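# Chain and residue survey
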Amino acid sequence: MQDYIGFRRALLAGETTCAQTVETFLERITQTERLNIFIETFADEARKRADEVDAQVRTGNVGKAAGMVVSIKDVVSYAGHTLTAGSKILQGFKTVLTATALERLIDEGAIVIGRTNCDEFAMGSSNEHSIYGPCRNPFDPERTPGGSSGGAAASIAANLCHVAIGSDTGGSVRQPASFCNAVGIKPTYGRVSRWGLVAYASSFDQISPITSSVRDAELALEIMSGHDPKDNTSAMRPWQGPPLPERYRVGVIRQTMDSPGLNAEVKAGVETKMAALQATGHSVEYVDFPYLDYLVPTYYILTTAEASSNLSRYDGVRYGYRSPKAQTLEEVYTLSRTEGFGAEVKRRILLGTFVLSAGYYDAYYQRAQKVRRILRDYTRELLKNFDVLLSPTTPTTAFKIGEKTDDPIAMYLSDIYTVHANLVGMPAVSVPCGFDASGLPFGVHLLAPEFAENRLFDLGRRLVEI
Ligand code: GLN
């Protein structure tokens, strides 16, 4: 599979064109339709845009993302196009704005090829909670590609675009990247503007790329990032991170490797990478993170609280779906929401409303906020002695469609290693680590201090190669 940077070299050498490349991707998208990866393609627009970019390239006007073919998860706004967050409640909704992160790619010459499947409002780990039906894993169509950016990761695994734009609130690009042999990076909170991203949990959400190589992830993220006056939480920090170490001090979170749910083959694969790092001169040491069991509960208290507030805007009046049965204003609200939201979204709105309610606010929401602070402080402390923290990305390889749908807790636990980075606001990447005996891929996860994404790219690249 050729990554964007490889394609770019060929494009600039005159060996290929954007038009040809878009055509090849569109053909493959048609051939893989049964995997339910794309919910809409922008074929004619993409062809037109490819011709424009080819013309620009001929005149020597070459943007940093010239001819980069991107897919967008159905939570990323693209002006004039449908945006539904995988939900019935946004049925028929067309957005009038373009997400800043996407706009920056387009300004540099990117070509948007279509919209990818995802869990409703990005809530899920398997892409099964989607109004469009489940997306299937290209490595085994009986299995999920992970979620919530399942379509995004599958669009890379099936070689249907160069870069997939997803979003990550608790692992939604890293977990599917792990299940699909791709690279998924969640930047530091604030690195990328959230303008134009459908809000799930605003203090966790980041628009994040999935790619086939680490160098593509680096390039895409660099273009997407930077302060945006439309998002006050976007950071002013320059792109460059701290100076890179020659030899890394890698801390391996012992509790992630010892956890009973960790699959033996995944564990062995991560251990092989640890040994290879050591053999190439890096120091690799186990380190204790005694709070592992608190991550998932804290994450689900805080994100559902934020979601219950964010999703109150879908009231049947301003957006999308309105129940045809509603007679009164009250019924417009209740019936539209009852009929428009899926079961998982409702579960989270109920949970979020509960933890914010007068009698339980102190016991749940406020305590979870305190735990979040403790987690961040402790992680910062650990990162004084280590350049990065390493763990598996997910406890297992891709699970079967339907396997966890009746057991939300089992589903939530598939994010046990990834939610850490979102809780503490730090950047983290999943890079391909290996395959299990049945040929299913899995990733290895690196977490770095705020604004040190450069370490993730540098060490991530080495990890893939060794
Ligand atoms: N799977 C996690 C959840 O369901 C993460 C989702 C995400 O990162 N958007 O909340």
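These lines cover the structure that appears in this document, whether it is placed above or below. (Residues numbered from 1 in each chain as written. Predicted model: local features only at pLDDT ≥ 70, side-chain atom pairs only at ≥ 80, totals over all residues. Heavy atoms only, no water.)

The next subject is the nonpolar core. Ranked by size, the top nonpolar core spans 139 residues in total, and within it Met 68, Leu 102, Phe 121, Ile 165, Ile 210, Val 250 and Leu 390 carry the most contacts. Considering every element that reaches this core, the biggest residue donor is helix H10 (residues 292-310), with nine residues. Aside from chain neighbours lying at most four places away, what touches Ile 165 is Val 70, Ser 71, Ile 72, Lys 73, Val 76, Leu 105, Ala 152, Ile 207, Ser 208 and Met 224. (Core = buried A, V, L, I, M, F, W, Y, C linked by side-chain atoms within 4.5 Å. Buried < 20%, exposed > 50% of the residue type's maximum accessible area, 1.4 Å probe, protein only. Helix = DSSP H or I, 4+ residues; strand = E, 2+ residues; numbered from the N terminus. Contact = heavy atoms within 4.5 Å.)

Here we come to the packing of aromatic side chains. Here the structure, examined in full by the defined rule, presents 20 aromatic pairs. Ring geometry for Phe 204 against Tyr 299: centres 5.7 Å apart, planes inclined by 85°, an arrangement best described as edge-to-face. Here the residue Phe 204 occupies a position in the loop between strand E5 (183-186) and strand E6 (206-211), and Tyr 299 occupies one in helix H10, the gap between them amounting to 95 residues. Exposure class is identical for Phe 204 and Tyr 299. Each is buried. Here Tyr 360 and Tyr 364 contribute two aromatic rings whose centre-to-centre distance is 6.2 Å and whose plane-to-plane angle is 40°, an arrangement assigned as tilted. Under the relative-accessibility criterion, Tyr 360 is labelled partly exposed at 38%. The class for Tyr 364 is partly exposed, based on a relative accessible area of 33%. A network of ring pairs unites the aromatic residues Phe 93, Phe 121, Tyr 314, Tyr 319 and Phe 341 as a single cluster. (Phe/Tyr/Trp six-rings, centres within 6.5 Å; stacked < 30°, edge-to-face > 60°.)

Here the focus is the side chain of Thr 16. Locating Thr 16 in the fold gives a position in the loop between helix H1 (4-12) and helix H2 (18-31). You can call Thr 16 buried: its relative accessible area is 15%. Aside from chain neighbours lying at most four places away, what touches Thr 16 is Phe 7, Ala 10, Leu 11 and Thr 21.

Moving on, we get to H2. Helix length check: H2, at 14 residues, gives a terminal C-alpha distance of 20 Å against a target of 20 Å (1.5 Å per residue), a fit within 8%. Among the residues making up H2, those that are buried are Cys 18, Thr 21, Val 22, Phe 25, Leu 26 and Ile 29. Angularly, the buried residues of H2 cover 135° about the axis, an arc narrow enough to put them on a single face. Against the buried residues of H2 lie H1, strand E1 (38-41), helix H3 (43-58), strand E2 (69-73) and strand E3 (111-116). (Expected span 1.5 Å × (residues − 1). Arc of directions from axis to C-beta.)

Position of Arg 143 among the secondary structure elements: in the loop between E3 and helix H5 (150-157). A polar atom in the side chain of Arg 143 sits 2.9 Å from the backbone oxygen of Ala 398. Leave out the neighbours within four places in its chain, and Arg 143 touches Cys 135, Arg 136, Asn 137, Ala 398, Phe 399, Lys 400, Ile 401 and Leu 440. (Polar contact = N/O pair within 3.5 Å; in protein donor to acceptor, adjacent residues only side chain to side chain.)

Another point: the packing of H10 against helix H13 (residues 361-385). Helix-helix packing is characterised by the crossing angle of the two axes and by the distance between the axes. Relative orientation of the contacting elements H10 and H13 amounts to 125°, with a least axis distance of 9 Å. Here H10 lies oblique to H13, going by the angle between them. Here the hand of the crossing between H10 and H13 comes out left-handed. Residues Tyr 294, Leu 295, Thr 298, Ile 301, Leu 302, Ala 305 and Glu 306 of H10 pack against Tyr 364, Tyr 365, Ala 368, Gln 369, Val 371, Arg 372 and Leu 375 of H13. When its residues are assigned to classes, the contact of H10 with H13 shows ten nonpolar, two polar and two charged. (Axes fitted to C-alpha atoms, helices over the stretch in contact; angles between N-to-C directions. Parallel < 35°, antiparallel > 145°, perpendicular 65-115°, else oblique. Left-handed = near helix turned anticlockwise from the far one by under 90°. Nonpolar A, V, L, I, M, F, W, Y, C, P; charged D, E, K, R; others polar.)

A cluster of nonpolar residues, Leu 351, Phe 354, Tyr 360 and Tyr 364, forms a patch on the protein surface that exposes about 340 Å² of accessible area. With relative accessibility at 35%, the residue Leu 351 sits in the partly exposed group. (Patch = residues over 30% accessible without salt bridge, like charges linked within 9 Å, V, L, I, M, F, W, Y side chains within 5 Å. Areas by Shrake-Rupley, 256 points an atom, 1.4 Å probe, with all protein chains shown as cover. Salt bridge = Lys/Arg side-chain N within 4 Å of Asp/Glu carboxyl O.)

Around the ligand, the surrounding shell holds 15 residues, and the nearest of these are Thr 169, Gly 170, Ser 172, Tyr 200 and Tyr 299. Here an oxygen atom of the ligand and a side-chain polar atom of Arg 348 are 2.9 Å apart. Expressed as a share of its isolated accessible area of 290 Å², the protein-covered part of the ligand is 100%. Taken together, the residues that form the shell around the ligand break down as five nonpolar, seven polar and three charged. (Near = heavy atom within 4 Å.)

To continue, consider unusual backbone geometry. For the peptide bond that leads from Gly 147 to Ser 148, omega is 5°, which places it in the cis range. Within the secondary structure, Ser 148 is located in the loop between E3 and H5. The phi angle at Ala 85 is positive, at roughly 50°, despite the residue not being glycine. Examined against the element boundaries, Ala 85 turns out to sit in the loop between E2 and helix H4 (100-107).

For an α-helix the count is 3.6 residues per turn, leaving residues at separations of three or four pointing the same way. Within H5, eight of the eight residues are buried, which leaves it mostly tucked inside the rest of the structure. Taken residue by residue, H5 has Gly 150, Gly 151, Ala 152, Ala 153, Ala 154, Ser 155, Ile 156 and Ala 157 as its buried positions. Of the surrounding secondary structure, the elements contacted by the buried residues of H5 are E1, E2, E3, strand E4 (163-168), helix H6 (174-179) and E6. Remark: Asn 159 follows H5 within two positions and exhibits a positive phi of approximately 60°.

A separate point is the sheet that holds strand E9 (residues 388-392). Taken in spatial order, the eleven strands line up as E1-E3-E2-E4-E6-E5-E10-E11-E9-E7-E8 in an open sheet, and their pairing is mixed. Lying at the two open borders of the sheet, with one neighbouring strand each, are E1 and strand E8 (283-287). Recorded for the sheet is a direction-independent mean angle of 30° between the axes of neighbouring strands. Where E1 meets E3, three bridges bridge the pair, whose relative direction is antiparallel. Bridging across to E3, Glu 40 finds its partner in Arg 115. (Pairing = 2+ DSSP bridges.)

With that out of the way, let us pick up the pattern of salt bridges. Evaluated as defined, the whole model comprises 21 salt bridges. When the shortest N-O distance is used, the salt bridge between Asp 3 and Arg 215 registers 2.7 Å. Within this pair, whereas Asp 3 is found in the segment before H1, its partner Arg 215 is found in helix H7 (residues 214-224), the two being separated by 212 residues in sequence. What makes Arg 215 partly exposed here is its relative accessible area of 32%. Several salt bridges converge on common partners, so that one network encompasses Glu 23, Asp 44 and Arg 47.

The contact between H4 and H7 brings their axes to 8 Å, and the two run at 110°. Of the possible angle classes, the one that applies to H4 and H7 is roughly perpendicular. Across the interface between the two elements, Ala 101, Arg 104 and Leu 105 of H4 pack against Ala 220, Ile 223 and Met 224 of H7.

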